[in-house]
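Fold and contact review
Next come the chains, spelled out residue by residue.
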Amino acid sequence: MTELTVLVLLSYVLLINIFTWFLFWYDKRQAARRGRRISERNLLFLCLAGGTIGALHARRKFRHKTRKQPFVSLMKLIVAGQLLVIASIIIAALRGALN
């Protein structure tokens, strides 16, 4: 992987997590004000798109969407899937380095 590719991927991950964190904050704020909310579907999509760290941090910081089902279960499923993908990439890289 080239340095540019790594830079682009890291930039994407950083930006999607900041954006996801912001939208969780905004949704919590709108909930308190009884305003227009961000759909759970969109919040989960942002997690799936790579914003999991931002979502987990925002959920904890703002105590938002911490008990709502099936949101919590779907979020856990996304986290588990992403951890499996990361573990697979690491294992493949290690195998390649050992050969």
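About the criteria used
- Residues numbered from 1 in each chain as written.
- Predicted model: local features only at pLDDT ≥ 70, side-chain atom pairs only at ≥ 80, totals over all residues.
- Heavy atoms only, no water.
- pLDDT = per-residue confidence, 0-100.
- Helix = DSSP H or I, 4+ residues; strand = E, 2+ residues; numbered from the N terminus.
- Phe/Tyr/Trp six-rings, centres within 6.5 Å; stacked < 30°, edge-to-face > 60°.
- Buried < 20%, exposed > 50% of the residue type's maximum accessible area, 1.4 Å probe, protein only.
- Core = buried A, V, L, I, M, F, W, Y, C linked by side-chain atoms within 4.5 Å.
- Contact = heavy atoms within 4.5 Å.
- Patch = residues over 30% accessible without salt bridge, like charges linked within 9 Å, V, L, I, M, F, W, Y side chains within 5 Å.
- Areas by Shrake-Rupley, 256 points an atom, 1.4 Å probe, with all protein chains shown as cover.
- Salt bridge = Lys/Arg side-chain N within 4 Å of Asp/Glu carboxyl O.

Per-residue confidence for the protein chain averages 94 on the pLDDT scale, and 99% of its residues sit at or above 70. Confidence scores differ between elements of the protein chain, with helix α3 (residues 71–98) showing the lowest mean pLDDT of 92 and helix α2 (residues 40–62) the highest of 97.

What follows covers the packing of aromatic side chains. The description of two aromatic rings rests on the distance between their centres and on the angle between their planes. Applying the stated rule across the entire model yields four aromatic pairs. An angle of 55° between the planes, with centres 5.1 Å apart, marks the rings of Trp21 and Phe62 as tilted. Placement of Trp21 in helix α1 (residues 3–33) and of Phe62 in helix α2 is noted, with a sequence separation of 41 residues between them. Here Trp21 falls in the partly exposed class, since its relative accessible area comes to 28%. Classification of Phe62 as buried rests on a relative accessible area of 17%.

Attention shifts here to the nonpolar core. Membership of the largest hydrophobic core comes to 14 residues, with the highest contact counts inside it found for Phe24, Leu43, Cys47, Phe71 and Met75. Those elements that place two or more of their residues in this core are α1, α2 and α3. With seven residues, α2 is the single largest residue contributor to this core. Contacts of Leu43, omitting those with residues within four sequence positions, involve Leu23, Phe24, Asp27, Ile38, Lys65 and Phe71.

A contiguous nonpolar patch, built from Met1, Val6, Leu9 and Leu10 and spanning about 440 Å² of accessible area, is present on the exposed surface. Counting through the fold element by element, Met1 comes out in the segment before α1. Here Met1 falls in the exposed class, since its relative accessible area comes to 77%.

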